Amino acid sequence: MTINTLNTLTTVDAINWFMQTCTASRWCKLMASNRPYNDTIQLKEQALRCWGEMQTEDFLEAFGGHPMIGDLSTLRKKYANTKALASNEQSGTQEASDAVLLNLKTQNQAYLDKHGFIFIVCASGLSAQAMLDMLNARITNTTESEFVNAAAEQLKITQLRIEKAFGEKSA
C-alpha cells in the first residue's frame with residue numbers, strides 16, 4: 001500500500017481498507033472522507049483526531065472486532081478481514097502453556113462479564129503471561145476506567161496496523 005493508492009481508492013474501497021485497521025465503521029468513514037493524505041504522518045494524526053470524535057457505540061464496535069486474547073479457536077474467524085494487518089498480534093499466545101491459555105480465556109470471560117466488553121490490549125510483542133498479568137491488574141478497575149484504557153489500547157493497535165500497512169517500523 002502507498003499513500004497515493006489509498007488516496008485514489010473509491011470511497012467504498014477506502015472504507016473497507018480502513019476496516020482492516022479498526023472496525024469502527026464511523027471512524028472508517030471519517031478517515032476515508034478526509035483523504036487525500038500527504039504522508040503516513042498526516043494519516044496517523046488524522047486517525048488520532050477521528051478517534052477523538054468517537055462515541056461509546058463506536059468504541060464498542062471497534063472492540064468487537066477483536067477476538068478474546070487466548071481464545072485461539074476464534075482468531076481465524078474474527079480476524080478474517082483484518083488478517084493481513086493483524087497477523088502476529090497475539091503471537092505471544094503461541095508459546096504459552098495450556099495453563100496460561102486457560103487462565104487467559106477464563107479471566108477474559110470474567111472481564112467481559114464485569115465490564116461488558118472484552119479485554120483490549122496492544123498485544124504486539126507481549127508474552128501470554130504478560131497479557132495475563134495485565135488482564136489481572138486491570139480486571140479490578142472500574143468499567144469507566146477500563147473503557148478509557150481499552151480505547152487507548154485500540155488506538156495503539158490501529159496506529160500499529162497503519163504502520164504495518166505502509167511497511168513502517170514502530171517508533
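Look up: the structure comes first, before these words.
In what follows, the accompanying structure is described. (Residues numbered from 1 in each chain as written. Predicted model: local features only at pLDDT ≥ 70, side-chain atom pairs only at ≥ 80, totals over all residues. Heavy atoms only, no water.)

**Quick word on the overall build of the protein chain**
Moving on, step 1. When helices and strands are tallied, the protein chain shows ten helices and zero strands.
Moving on, step 2. Put simply, the protein chain runs from its N terminus to its C terminus through helices and strands in the order α-α-α-α-α-α-α-α-α-α.
Moving on, step 3. Across the protein chain, every contact between residues at least 6 apart in sequence was considered, and the portion connecting residues at least 24 apart equals 68%. (Helix = DSSP H or I, 4+ residues; strand = E, 2+ residues; numbered from the N terminus. Contact = heavy atoms within 4.5 Å.)

**Notes on the packing of helix α3 (residues 25-33) against helix α4 (residues 40-52)**
The angle between the axes and the distance between the axes are what describe a pair of packed helices.
Moving on, step 1. The interhelical angle for the contact between α3 and α4, taken along N-to-C directions, is 135°, at an axis separation of 10 Å. The orientation of α3 relative to α4 falls into the category oblique. Crossing hand, α3 versus α4: right-handed. Contact residues: W27, L30 and M31 in α3; L43, Q46, A47, C50 and W51 in α4.
Moving on, step 2. When its residues are assigned to classes, the contact of α3 with α4 shows seven nonpolar, one polar and no charged. (Axes fitted to C-alpha atoms, helices over the stretch in contact; angles between N-to-C directions. Parallel < 35°, antiparallel > 145°, perpendicular 65-115°, else oblique. Left-handed = near helix turned anticlockwise from the far one by under 90°. Nonpolar A, V, L, I, M, F, W, Y, C, P; charged D, E, K, R; others polar.)

**Describing the packing of aromatic side chains**
Moving on, step 1. The full count for this structure, using the stated rule, is ten aromatic pairs.
Moving on, step 2. Each ring, one from W17 and one from F18, has its centre 5.0 Å from the other, and the planes form 80°; the classification is edge-to-face. Residue W17 shares its accessibility class with F18, and that shared class is buried.
Moving on, step 3. Here F63 and F117 contribute two aromatic rings whose centre-to-centre distance is 5.4 Å and whose plane-to-plane angle is 45°, an arrangement assigned as tilted. Taken together, the positions of F63 in helix α5 (residues 56-63) and F117 in the loop between α8 (98-115) and α9 (128-138) put the pair 54 residues apart, joining distant regions of the chain.
Moving on, step 4. Looking at F63, the relative accessible area reads 1%, which means it is buried.
Moving on, step 5. For F117, a relative accessible area of 5% corresponds to the buried category.
Moving on, step 6. Through pairs of rings, three or more aromatic residues link up here, namely W51, F59, F63, Y111, F117, F119 and F147. (Phe/Tyr/Trp six-rings, centres within 6.5 Å; stacked < 30°, edge-to-face > 60°. Buried < 20%, exposed > 50% of the residue type's maximum accessible area, 1.4 Å probe, protein only.)

**Things to note about unusual backbone geometry**
Moving on, step 1. The step from R35 to P36 runs through a cis peptide bond, and the omega angle for that step is 10°.
Moving on, step 2. Inspection of the secondary structure assignment puts P36 in the loop between α3 and α4.

**Some thoughts on the packing of helix α2 (residues 11-19) against α3**
Moving on, step 1. Direction vectors running N to C along α2 and α3 enclose 130°, while the axes themselves pass 8 Å from each other. Comparing the axis directions of α2 and α3 gives the class oblique. Along this stretch, α2 crosses α3, giving a crossing that reads as right-handed. Side by side, α2 and α3 meet where T11, A14, I15, F18 and M19 of the first sit next to S25, W27, C28, K29, M31 and A32 of the second.
Moving on, step 2. Counted by class, the contact of α2 with α3 contains eight nonpolar, two polar and one charged residues.

**Notes on the environment of E61**
Moving on, step 1. Its location among the elements puts E61 in helix α5.
Moving on, step 2. Note on E61: relative accessible area 32%, which makes it partly exposed.
Moving on, step 3. With 35 residues separating them along the chain, E61 and R26 place their C-alpha atoms 9.4 Å apart.
Moving on, step 4. Leave out the neighbours within four places in its chain, and E61 touches T23, A24, S25 and R26.

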